[in-house]
Amino acid sequence: MGHETYFYFKQTGRNLQQSWGTQLMTLFTVSMSILIFTFFFLVYTNIIKAGDRFGDELRLIVYLDDEVVPEMRPQIKKKITDYSPVEKIVFVSRDEAFHRLNVQLGQEGDVLNDLGAGFLPPSIEVFPKKDLKNLTLIKQFSDYLTTLPGAQKVQFGQGWVERFGYFTELLRVIVFLSGGLLVMATAFMVSYSIRLTVIEKEAELEVLRLVGARSSYIQTPLLIEGFLQGLLSSGIGLGMLYLIFLWTKTHLSGPGFLHLLDITFFPPVTTGIIMGMSILLCTGGSLVSIRKYLRI
Amino acid sequence: MLETYPADRPLVEIVKVTKVYSPDIVALQNISLSVAKGELLFLTGRSGAGKTTLLKLICCVEKPNKGVIEIAGKDLNKLSSPNIQALRRETGVAYQDFKILPRQTVYRNIAIAMEVNYTAAKVIKKRIDELLDVLKLTHKRNIPAGKLSRGEQQRVAIARAAATKPPLILADEPTGNLDPAMSLQVMGLFEKLNEGGSTIIIATHDETLYKNNRYRKVDLHYGQFATQSTLPGFLPPANGNQQKLI
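Right, let's walk through the structure included here.

What counts as what
Sequence order sets the numbering: in each chain, residues are counted from 1 along the sequence as written. Labels are handed out in written order, letters beginning with A for the chains and numbers beginning with 1 for the ligands. Totals for whole chains, interfaces and linings use every residue, but because this is a predicted model, local features are given only for residues with pLDDT of at least 70 and side-chain atom pairs only at 80 or more, for both listing and counting. Based on all heavy atoms of the structure, the side-chain values leave hydrogens and waters out of the count. Secondary structure counts use DSSP, requiring at least four H or I residues in a row for a helix and at least two E residues in a row for a strand, with both numbered from the N terminus. Each residue is placed in one exposure class: buried if its accessible area under a 1.4 Å probe, protein chains only, is under 20% of its type's maximum, exposed if it is over 50%, and partly exposed if it falls in between. Salt bridge, as used here: a side-chain nitrogen of Lys or Arg that lies within 4 Å of a carboxyl oxygen of Asp or Glu. Each helix should span, by expectation, one fewer than its residue count multiplied by 1.5 Å. Contacts are assigned to residue pairs with any non-hydrogen atoms lying within 4.5 Å of each other. Summed over both partners, the accessible area (1.4 Å probe) lost when two parts come together is defined as the buried area. Throughout, the ten residues Ala, Val, Leu, Ile, Met, Phe, Trp, Tyr, Cys and Pro are labelled nonpolar, Asp, Glu, Lys and Arg are labelled charged, and all others, Gly among them, are labelled polar. Buried Ala, Val, Leu, Ile, Met, Phe, Trp, Tyr and Cys residues form a nonpolar core when they are joined through side-chain atoms within 4.5 Å. Residues scored as charged are limited to Lys and Arg (positive) and Asp and Glu (negative), so that His and the chain ends carry no count. Polar contact is defined as a pair of N or O atoms within 3.5 Å, subject to the rule that within protein one atom must be able to donate a hydrogen and the other to accept it, and that residues adjacent in sequence are counted only when both atoms are side-chain atoms.

## As for the environment of A:Leu177
Residues and elements named next belong to chain A. Tracing the chain through its elements places Leu 177 in helix α6 (residues 158–200). With relative accessibility at 59%, the residue Leu 177 sits in the exposed group. In this structure the C-alpha to C-alpha distance between Leu 177 and Phe 40, which are 137 residues apart in sequence, comes to 9.9 Å.

Structure follows, in structure tokens:
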């Protein structure tokens, strides 16, 4: 077994030496495809994570005609939680609303002096559970809340949630498209590379067949070639992505949108899965090409 | 497979074999031949007599249209792909057109036959050094085989066939490009291998190679056996075509 492995790797080395130009081209193309795919995937995962963070602050505000007397509160709470479990429910009186606005305005709070505390409507703030992220579900919940006794209208930053939803959908499509591009580019390049190796080594393969080389002796080095292509390409692609990530972190951090995102790189498990999938893709591509082009 | 085959039975058995190339070129016609284990046999005849075809049939490069070829009791027509590969690993073939890799070194061209057997690098090196010495190619060891003369390339092909000391060696016109002295050297190598137990079939029209020696000769003429010399203790098959004893 030890000897066999030694010869497989020796033969792989020879293959790579003989067709290094093609190998480099394949390596470059597959690395770029992996970089493009992982870039969009990283942006997508960070946006989703940011969405989660923003979602934690999502609340539905039910504006009321009149304040809810303390005796009625348990009843209203029950009515709300009967429809959907929530994180918390906060009853905001006219005075509390006025106080909050005053705090928000800070030094410019003087403008409120002439208005008096009663001009703002009382409200109920409903913080939904974290699993209620779907826009349709939020809308349905919002519609339900308008049926509460004394409810004037319900607000939850609908425009922002909608835009965020569309953006993540768009990113999801881009991730799928770049994933498709990665699969196609890898399959084509690996197949092309194996085909060229087979053509370049035609004479050698004939001699190998004549001296009785086992199928494994001829095929295994080509499979190892595919494995190495996958390993190196994903390593290079992810390495480049990590450099881009570090650069972004260093140069674009500070107060601003990206700071708000608090971007993070893939966890080791995701990195491992991406590498594993790339290796599988390249080795599988080699196997298909070997079966297609190699006559043993 | 060949090494352990009993010595009292023919290693190569050819029974009523016909080979026709498209459209209607008859290369071999209804020929039968037995080669004992450990025998050295000369297959003689002019160019186009069918010698190369017969060797190609024995090493499974071609298939007969009719008849049966058995190596160590195994019908080649029924051999699976892995078994053909195993048979080829036990058969050293020096092809008439050499089948060398011109861009690879002399060393690598010879080593390839041993590498497919996963032989240890040290053993490969030792054996190749021996062969290069016998065939006077030591100084060409690291030169691409394509840069050698025809005679040198032929010796590389012979070295590759002999590299693993295989139980069966087939040599097609092995001295076609060699001078008399080198031909003797090559013949000496084959005799040494034969003494070591290898069964050897040499296809040649070089009379100096097979004249005045103790080995059996089989003469092919237009795809049929014209003459066959005796082999002590060995009886050729009775149903063969045109077999005469001389």
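## With respect to the pattern of salt bridges
All names here are of chain A. A full pass over the atoms with the stated rule returns 22 salt bridges over all chains. Ionic pairing is found between Lys 78 and Asp 82, a salt bridge with its closest N-O pair at 3.1 Å. Taken together, the residues span about one helical turn, with Lys 78 and Asp 82 both in helix α3 (residues 73–83) at a distance of four residues. Assigned by exposure class, Lys 78 and Asp 82 land together as exposed.

## Examining helix α4 (residues 94–105) of chain A
Helix length check: α4(A) (twelve residues) gives 17 Å between terminal C-alpha atoms against 16 Å at 1.5 Å per residue, within 8%. Count one or two residues on from α4(A) and you reach A:Gly106, which has phi positive near 65°.

## A short note on the interface of chain A and chain B
Each partner contributes to the interface: chain A provides 25 residues, whereas chain B provides 21 residues. Across the chain A to chain B interface the summed buried area is about 2,000 Å²; carbon plus sulfur atoms make up 56%. Three residues stand out in chain A for area buried against chain B, namely A:Leu210, A:Val211 and A:Arg214, and they jointly supply 30% of the buried area on that side. One can count four salt bridges joining chain A with chain B. Here B:Lys99 makes a salt bridge to A:Glu206, at a shortest N to O gap of 3.1 Å. Contributions of two or more residues to the side of chain A that touches chain B are made by α1 (2–18), α7 (202–210) and α8 (215–252) of chain A. Looking at the side of chain A that touches chain B, the element that brings in the most residues is α1(A), giving nine residues. A class-by-class count of the residues in the side of chain A that touches chain B yields eleven nonpolar, six polar and eight charged.

## Brief notes about the side chain of A:Thr186
Turning to its location among the elements, A:Thr186 is positioned in helix α6. In this structure, A:Thr186 is in contact with A:Val30, A:Ser191, A:Leu281 and A:Cys282, ignoring residues within four places of it in sequence.

## With respect to the nonpolar core
Grouped together as the largest cluster of nonpolar side chains are 69 residues, with contacts concentrated most on A:Leu208, B:Phe42, B:Ile110, B:Phe190 and B:Ile202. Examining the composition of this core, we find that seven residues originate from one element, α6(A), more than from any other. Setting aside residues up to four positions removed in sequence, B:Phe190 forms contacts with B:Leu40, B:Ile158, B:Ile169, B:Ala171, B:Pro174, B:Ile200 and B:Ile202. If you look at the next biggest cluster of nonpolar residues, it comprises 36 residues, including B:Leu57, B:Cys59, B:Leu79 and B:Phe225.

## Considerations on the side chain of B:Lys217
All names here are of chain B. With respect to the secondary-structure elements, Lys 217 resides in strand β9 (residues 216–221). Comment: no salt bridge for buried Lys 217; closest opposite-charge side chain is Glu 39, at 10 Å. A distance of 3.1 Å separates the side chain of Lys 217 from the backbone oxygen of Asn 213, its partner in a polar contact. Within polar-contact distance, the side chain of Lys 217 engages the backbone oxygen of Tyr 215 at 3.1 Å.

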